[in-house]
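# Structure at a glance
These are the residues of each chain, in order.
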Amino acid sequence: MLQAENILENIETLTIDLMYKTRGHHCYALVTDKMYQSILSASLFKAVGQSTYFIILVPDFADTLRPEPIFLHSLMQAQRSGCQTFLIYLANGIQMERFLRFVDEFRILDTRSKFVLLHDYRLFSKRLHYLWRRIVNVIFVKENDNSRRGNLSTGTWFELTTVPFPLPIKEVYVDKKLDSWRSGRYQRGVKLFENKLTNLNNEKLKAVVFKHTPGVSGGSENHSGVEVEILNTMAKTMNFSLQFYESTDSDTAKWGRLESNGSASGLLGEMINRHADFGIADLHYTPHHLNIMDLSVPYTSQCLTFLTPESLTDNSWKTLILPFSGGMWLGVLFFLFSVGFVFYILGQIHIRLRRKEVLIKRKKYVRTTKRIKRTSTTSETISIQIKILPKRTRPTVSHKDIFESFGNCILYTYSMLLVVSLPRFPKSWSIRVLTGWYWIYCILVVVAYRASLTAILARSAPRVTIDTLQQLAESPIGCGAWGAQNKQFFLESLDEAGQKIGAKLEDVNDMMEAIERVARGKYAYYENENTLKEIRSKRNTQLDPHPMHIMKECAVNMPISIGLEKNSAIKPRFDNLLRRLIEAGLVSKWLSEAVRNYEHSEEETAEALMDLKKMYGAFVALGIGYFISVMALLGEIIYWKCVVVKSPLYDEYALYKLYEKS
């Protein structure tokens, strides 16, 4: 019938004109069926030019809401190639509307691209009105045959219409007429794909909010925060009005949870049910949210970390070892033991050198004495009193230097580290030089230790905090966060510490109850750093006796975005303006204003007074020394009673015999 009335030929000519109108795009997708397949002529491809194009043929029996794999693969290839114009000619209106529902729900095609569709009344039923708030760059080709109405002079002509965006669609859908095409000519010659996002004509848009610092704050009637400021600026620039509201279950559902039946509560439920155009509540730029709505470009990133108990145990007993780190103590102890051996080795070398010197002098003295005896005459009386040592007698050297015995080396090197002076200078110059440099090292170590210890004693009591994910994973306290997606995030992390945290992370429904558990020292709560500062600041103003600490290490620096309706038509324009706000510094200004009341709130520190608690370390060291001394004394007494007294050489009145034998 279409061929007999020459309608396909006219549609082909019109389509070629439309392709010339959109010429310049690098990719086209042509979706059609067998009835309109004949329009794919050489003239059409000439109009496409050198651009990439996809031809997708839809069978008559195909279910376009649940397409076949080969059909789906072709659509995805067109999407990956960045096609900007989609020509969809399907004679079956039911197939057309199911196809549009499918590409919108699963984001198979970019709904913000340019579309050319055949006009069909089934596309404009009330349940599909939401599509025409998302697909706005569209042209409907409607055939009008006046010859059927008795007007033989005009023949077949086509009416080109589009959606009435940004005007709201009421109960009945009404087209917006663009132009008419007849006999290869446009009647008005208007621009078909005009920019509809410059001015929204004061259209009323809704924004569902959930109070969460720093995105949204303030009362139920007067909202404030960085995201509220961003939306107000967008409303002035794009000329639309805003209505802020909270979901009816915001107090309990908060952001909202997805149910197994596909429904959702809270803010997410409002976005899924298409009740709101915007969603603002410090939304994380994650796949969890992207599957539900569109997200703007991130305007900032937030440090997500844990609120932990501040002091779980008292470390005052470690006061004496706190001035140095573990690596520093290891180095000090290493040199403490090794330097004594160095002194001893140099002392032994000095002894050997002195022995050789004595042997050389003795031999020289013996040779000189013999020469004097041979040269003396009988007439001369020479009185020489010499004492010649026996040749086989080995010269002995008394231990007169302080570093010639191993015990003295260890004792004096330890005493130098305690800044105790030596009884006298060593005799060997090599040991003297080593002693001088070792003294410089000892002075530096002692001064550093004293200064650090003084600072520790002068400041407030030492605090035990959890500042890394590794420490939190190894601690016995539990962890909690709102939303099952956070638990999944830690379980899927690559590091072992994150996986351990994910294994014990609980889904929290009541944040205040979780904070109370943190204050009792049994829990750690996961949130963004700004919100945790606000919580801590409010509890400090209430004189909360339980201090809490914000972990210094961030679990992740999460990008934060503003939520828009899924496949929202205004997203490109919104993102462009948001980038300008970020570059101008306005977002940073609003963010600082949102957190200025508590951004400088630090943990309350105790008064820096000296008390017995700070001296626990000294008492511990003194107690260890007393214990070792008592054990040594008991050992000496036992040895005296069990060994010395029972010896056959023991004589109470002649102990020198026992000592000489020993």
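Fair warning: this is a prediction, and the values are worked out from it, not measured in the lab.

Okay, the overall build of the protein chain next. Looking only at helices and strands, the protein chain features 20 helices and 20 strands. Each of the 662 residues in the protein chain was classed as buried or not, and the buried ones make up 43%. Summed over all atoms, the accessible surface of the protein chain reaches about 37100 Å², with 56% contributed by carbon and sulfur.

For the rest of this paragraph, the subject is helix α3 (residues 69-80). Taking 1.5 Å of rise per residue, the 12 residues of α3 would be expected to cover 16 Å, and the 16 Å separating its terminal C-alpha atoms lies within 8% of that figure. On its buried face, α3 sits against β1 (27-32), β2 (52-57) and α4 (93-105). Positive backbone phi, at 75°, marks G82, one or two positions downstream of α3.

Next up on the list: the nonpolar core. Ranked by internal contacts, the top residues of the largest apolar core, which has 110 residues, are Y89, W132, I230 and F306. It is helix α5 (residues 226-238) that contributes the most residues to this core, 7 residues altogether. For W132, the contacting residues outside a window of four places in its chain are L100, L117, L123, F124, F140, V163, I169 and Y173. Residues L295, L307, V508 and I535 belong to the second largest nonpolar core, which totals 26 residues.

The full count for this structure, using the stated rule, is 2 disulfides. For C27, the disulfide goes to C83, at an S-S distance of 1.9 Å. Of this pair, C27 sits in strand β1 while C83 sits in the loop between α3 and β3 (85-89), and the two are 56 residues apart along the sequence. The same class applies to C27 and to C83, which are both buried. In this model, C303 is linked to C554 through a disulfide, with the two sulfur atoms separated by 1.8 Å.

As a further point, take the pairing of β1. For β1, a buried count of 6 out of 6 residues is recorded, marking the element as mostly surrounded by other parts of the structure. Neither face of β1 is left uncovered, since the one carrying C27, A29 and V31 and the one carrying Y28, L30 and T32 both have all their residues buried. Relative to β2, β1 is paired through 6 bridges, and the arrangement is parallel. Within the sheet, the bridge partner assigned to V31 lies in β2 and is I56. Handedness of the crossover is the feature at issue here: the chain leaves β1, passes through helix α2 (residues 42-48), returns alongside β2, and the resulting connection is right-handed. For β1 and β3, the ladder comprises 5 bridges, and the chain directions are parallel. Of the residues in β3, the one forming a bridge with T32 is Y89.

Attention now moves to α4. In this model, α4 (13 residues) spans 18 Å end to end at C-alpha, consistent with the 18 Å of a helix rising 1.5 Å per residue. Along α4, the residues that are buried comprise G93, Q95, M96, E97, F99, L100, F102, V103 and D104. With a side-chain oxygen lying 3.0 Å from the backbone nitrogen of I94, the N-terminal cap of α4 falls on N92. Immediately downstream of α4, the backbone of R107 shows phi near 55°, a positive value.

Trans is the common state for peptide bonds, and a negative phi is the common state for residues other than glycine. Each neighbour pair has its own omega, and for F165 with P166 the value is 10°, a cis peptide bond. When you line up the elements, P166 lands in the loop between β6 (156-162) and β7 (176-182). Cis geometry marks the peptide bond from T213 to P214, where omega comes out at 0°. On the secondary structure map, P214 appears in the loop between β9 (203-209) and β10 (217-218). The backbone of R107 sits at a positive phi, close to 55°, despite the residue not being glycine. Note on placement: R107 falls in the loop between α4 and β4 (114-118). R107 sits in the partly exposed class, given a relative accessible area of 26%.

The rules behind each value
- Residues numbered from 1 in each chain as written.
- Predicted model: local features only at pLDDT ≥ 70, side-chain atom pairs only at ≥ 80, totals over all residues.
- Heavy atoms only, no water.
- Helix = DSSP H or I, 4+ residues; strand = E, 2+ residues; numbered from the N terminus.
- Buried < 20%, exposed > 50% of the residue type's maximum accessible area, 1.4 Å probe, protein only.
- Areas by Shrake-Rupley, 256 points an atom, 1.4 Å probe, with all protein chains shown as cover.
- Expected span 1.5 Å × (residues − 1).
- Contact = heavy atoms within 4.5 Å.
- Core = buried A, V, L, I, M, F, W, Y, C linked by side-chain atoms within 4.5 Å.
- Disulfide = S-S within 2.5 Å.
- Pairing = 2+ DSSP bridges.
- Right-handed = clockwise from strand over helix to strand, strands pointing away.
- Polar contact = N/O pair within 3.5 Å; in protein donor to acceptor, adjacent residues only side chain to side chain.

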